[in-house]
Amino acid sequence: MMAASTKLSALFAAKHDGQPSATHPYDVTLILIALALMSIGVVIVTSASMPVADRLHGNPFYFAIRHGIYIVCALTAAMITLQLPMQFWRTTNPYLLLAAIALLVAVLLVGRTVNGSTRWLVIGPITVQAAEPAKLYFFAYLAGYLVRRYEEVTENLKGFIKPLVVFFALAMLLLLQPDLGTVVVMFATTIGLLFLAGARLWQFFALVFAGILAVVALIVFEEYRLKRVTSFLDPWADPFGAGYQLTQSLMAYGRGNWFGQGLGNSLQKLEFLPEAHTDFVMAILAEELGFVGVLAVLGLILWMVLRALSIGNKALEKGRAFDGYLAYSIGIWFSFQTAVNIGASAGILPTKGLTLPLVSYGGSSLIIMSVAVAILLRIDFELRVDGVQAIGRGDGKDGRNKARRKKPISSSAAQSKSSANPQDNADEDDFSTATVVAKPAQKTASPEDEGKAGIKAILARVAQEADNG
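Every value quoted in this text rests on a predicted model; they were computed, and no experiment measured them.

Conventions adopted
- Residues numbered from 1 in each chain as written.
- Predicted model: local features only at pLDDT ≥ 70, side-chain atom pairs only at ≥ 80, totals over all residues.
- Heavy atoms only, no water.
- Helix = DSSP H or I, 4+ residues; strand = E, 2+ residues; numbered from the N terminus.
- Buried < 20%, exposed > 50% of the residue type's maximum accessible area, 1.4 Å probe, protein only.
- Areas by Shrake-Rupley, 256 points an atom, 1.4 Å probe, with all protein chains shown as cover.
- Core = buried A, V, L, I, M, F, W, Y, C linked by side-chain atoms within 4.5 Å.
- Contact = heavy atoms within 4.5 Å.
- Phe/Tyr/Trp six-rings, centres within 6.5 Å; stacked < 30°, edge-to-face > 60°.
- Expected span 1.5 Å × (residues − 1).
- Axes fitted to C-alpha atoms, helices over the stretch in contact; angles between N-to-C directions.
- Left-handed = near helix turned anticlockwise from the far one by under 90°.
- Nonpolar A, V, L, I, M, F, W, Y, C, P; charged D, E, K, R; others polar.
- Pairing = 2+ DSSP bridges.
- Patch = residues over 30% accessible without salt bridge, like charges linked within 9 Å, V, L, I, M, F, W, Y side chains within 5 Å.
- Salt bridge = Lys/Arg side-chain N within 4 Å of Asp/Glu carboxyl O.
- Parallel < 35°, antiparallel > 145°, perpendicular 65-115°, else oblique.
- pLDDT = per-residue confidence, 0-100.

K.L.:
An account of the overall build of the protein is requested, with residue identities and associated values reported.
P.N.:
Tallying secondary structure elements over the protein gives 17 helices and three strands in all. When the 469 residues of the protein are sorted by exposure, 46% land in the buried category. Of the roughly 22700 Å² of accessible surface on the protein, a fraction of 65% belongs to carbon and sulfur atoms.

K.L.:
Break down the nonpolar core for me, with residues and values.
P.N.:
A general trend in soluble globular proteins is that nonpolar side chains are found buried together. In this structure, Leu37, Phe138, Met304, Trp333, Phe334, Leu358 and Ile375 are the most contacted members of the largest nonpolar core, which totals 99 residues. If one sorts the elements of this core by residue count, helix α12 (residues 281–317) sits on top with 13 residues. With residues near it in sequence (within four places) discarded, Phe334 still touches Met304, Val305, Pro357, Met369, Ala372 and Val373. Counting residues in hydrophobic clusters, the runner-up holds seven residues, among them Ala48, Leu273, Ala276 and Ala283.

K.L.:
Outline the packing of aromatic side chains, supporting the account with residue identities and numerical values.
P.N.:
Going through the model one piece at a time under the given rule, you end up with twelve aromatic pairs. Measuring from ring centre to ring centre gives 5.4 Å for Phe88 and Trp89, while their planes differ by 85°; the resulting arrangement is edge-to-face. Summarising the aromatic geometry, the rings of Trp333 and Phe334 are spaced 5.4 Å apart at their centres and angled 85° between planes, so their arrangement reads as edge-to-face. Assessed through its relative accessible area of 0%, Trp333 is described here as buried.

K.L.:
How would you explain helix α13 (residues 321–345) if you had to name every residue and give the values?
P.N.:
Along an α-helix, residues three or four apart share an orientation, since each turn contains 3.6 residues. For α13, which comprises 25 residues, the first-to-last C-alpha distance of 36 Å matches the rise-based estimate of 36 Å (1.5 Å per residue) to within 8%. Within α13, 21 of the 25 residues are buried, which leaves it mostly tucked inside the rest of the structure. Backbone geometry just downstream of α13 places Gly347 in the positive-phi region, at approximately 80°.

K.L.:
With reference to specific residues and values, describe the packing of helix α2 (residues 28–57) against helix α3 (residues 62–82).
P.N.:
Contact geometry of α2 with α3 gives a least axis separation of 6 Å together with a crossing angle of 145°. Classified by chirality, the crossing of α3 by α2 is right-handed. Only Tyr62, Phe63, Ala64, His67, Ile71, Ala74 and Leu75 of α3 make contact with α2, whose side of the interface consists of Leu35, Met38, Gly41, Val42, Val45, Thr46, Ser49, Val52, Ala53 and His57. Considering only residue class, the contact of α2 with α3 consists of twelve nonpolar, five polar and no charged.

K.L.:
Break down the sheet that holds strand β3 (residues 126–129) for me, citing the residues and quoting the values.
P.N.:
Pairing within the open sheet is antiparallel, and its three strands lie in the order β1-β2-β3. Where the open sheet ends on each side, the last strands, each with one partner, are β1 (112–114) and β3. Within the sheet, the average angular offset between the axes of one strand and its neighbour, ignoring direction, is 40°. Where strand β2 (residues 117–123) meets β3, four bridges bridge the pair, whose relative direction is antiparallel. Among the inter-strand pairings, Ile123 is bridged to a residue of β3, identified as Ile126. Helix-sheet contacts for helix α4 (residues 86–110) involve β1 and β2, and the interaxial angle to β2 is about 95°.

K.L.:
Tell me about a nonpolar patch on the surface, and name the residues and values.
P.N.:
Judged by side-chain polarity, Val28, Leu32, Leu35, Leu75 and Met79 come together as a nonpolar surface patch covering roughly 430 Å² of accessible area. For the nonpolar patch, the secondary structure elements donating two or more residues are α2 and α3. Considering each element in turn, the nonpolar patch owes the most residues, three residues, to α2. Taking relative accessible area as the criterion, Met79 reaches 52% and is therefore assigned exposed.

K.L.:
Provide a residue-level description of the packing of helix α7 (residues 157–175) against helix α9 (residues 201–220), including the pertinent values.
P.N.:
Between α7 and α9, the least distance of the axes is 12 Å, while the angle of their chain directions is 20°. One element, α7, and the other, α9, form an angle in the roughly parallel class. The handedness of the crossing between α7 and α9 is right-handed. In this structure, α7 contributes Leu157, Phe160, Leu164 and Leu175 to the contact, and α9 contributes Trp202, Gln203, Phe204, Leu207 and Leu218.

K.L.:
Can you tell me about the pattern of salt bridges, naming the residues and giving the values?
P.N.:
In this structure the tally under the stated criterion is ten salt bridges. With its nearest N and O atoms 3.4 Å apart, the salt bridge here joins Glu288 to Lys269. Residue Glu288 is located in helix α12, and its partner Lys269 is located in the loop between α11 (244–256) and α12; the two are separated by 19 residues in the primary sequence. An identical accessibility class is assigned to Glu288 and Lys269; each is buried. Here Arg384 ties to Asp380 by a salt bridge, and the two come within 2.7 Å at their closest N and O atoms. Residue Arg384 and its partner Asp380 are both found in helix α14 (residues 363–406); the two are separated by four residues, about one turn of the helix. Across the pair, Asp380 and Arg384 agree in class, each one buried. Salt bridges sharing partners connect three or more residues here, namely Arg90, Arg320, Asp323, Arg378 and Glu382.

K.L.:
Outline the confidence of the model for the protein, listing residues and values.
P.N.:
Note: predicted coordinates in regions of low pLDDT should not be interpreted at a detailed level. Per-residue pLDDT for the protein averages 78, and the proportion of residues at 70 or more is 77%. Every residue in residues 1–5 is under pLDDT 50, and counting partners more than four places away or in other chains gives eight contacts. Counted against residues more than four places away or in other chains, residues 17–22, with its pLDDT under 50, gives seven contacts.

K.L.:
Outline the side chain of Ser47, listing residues and values.
P.N.:
As for its placement among the helices and strands, Ser47 is situated in helix α2. Residue Ser47 is classed as buried on the basis of its relative accessible area of 6%. Beyond its immediate chain neighbours, meaning those up to four positions away, Ser47 contacts Gly264, Lys269 and Glu288.

Here it is, written out as structure tokens:
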């Protein structure tokens, strides 16, 4: 009986709403996209980092080995996150915001300074870039706030301003590191999420205008940022000074042409292009794999972003507002960070130290973004499970009612069964909720029809046995 019940549940799950994708409990497409990006990252990071690794550590595979370890940690963190119900994120998002603030304060107090920026916390052999978990925690808090204060956000200015105050506090902590790139990504994601949540249009444009003014002010009043912008506008004016990194990156793109120079044949990675395996990994990919390789990576990331937005839309349709907003924020985050990373390396945007999602070298970024993908998978999984449970409950009741209405059982037999032996009614209810394999129909039928037919057959047999008894 238990085996039959399990099989019928599988039938419902397999053809729920007529969608073939529901055969699997998780979104296989999203998993394959993430693994494909990680695989490309391993290959390109290995190729791009060999010269500098050999010079600094005497082992050309030093960074490749570390990147492999990061991937194992990222997959482990993703699998752990996949086991956490979304209820965990709904209830803990205010505490996660406090954790984000604590991390950003701690990095200013005891963090490690590299190249003039204090962004890393050193915990034994582990180095954590505090801005990466802070982004995810802030987005979880923002999704929770939009659920709790939806009417305030959409109807008055006070509710719209509150999350911006929280963002401003985090932005100040990030700018003290300094880390303008993360602030820009968080600001863009906040704008997008407030817009999708239904904020008034004048508030949206006012926020965009104020944000642009703030970024311009931060650039103008900080000399090194101003040099980056001027070198971005005309990198060839000082190709061996302020514009050196961008000119070398543009050379890599130019050498790549359509199909690239071949894997491992990059010249710019021979320590001509600084940070070739981190922030400028796309330039090396373009040089070795050409426009086709860049287009393939962009296509994979676009596919992932569209899946995130689709999952968010389904969650909102099913009344899971928190899940929907969180999925939206992850999709906007991935898309904007990709645009900034590739735009900086291609000379479209000023140079910023942001990684390419799931591709660039960097443990903190890789782990947090893998966790974000796992959250998307968990949201999609819970949507599928809820759908199957709803179908099971609805079909069970309908099946019993239809069987009682349509099966040719005499009214006298039904009355005698009901009055003479009340226990049979209980047995019928219990037995009707169980499921067994339906008898094969004469014509081709869907699994749902077979399941319903099986329930009807069970009810008829119970009624006949009670009648004979």
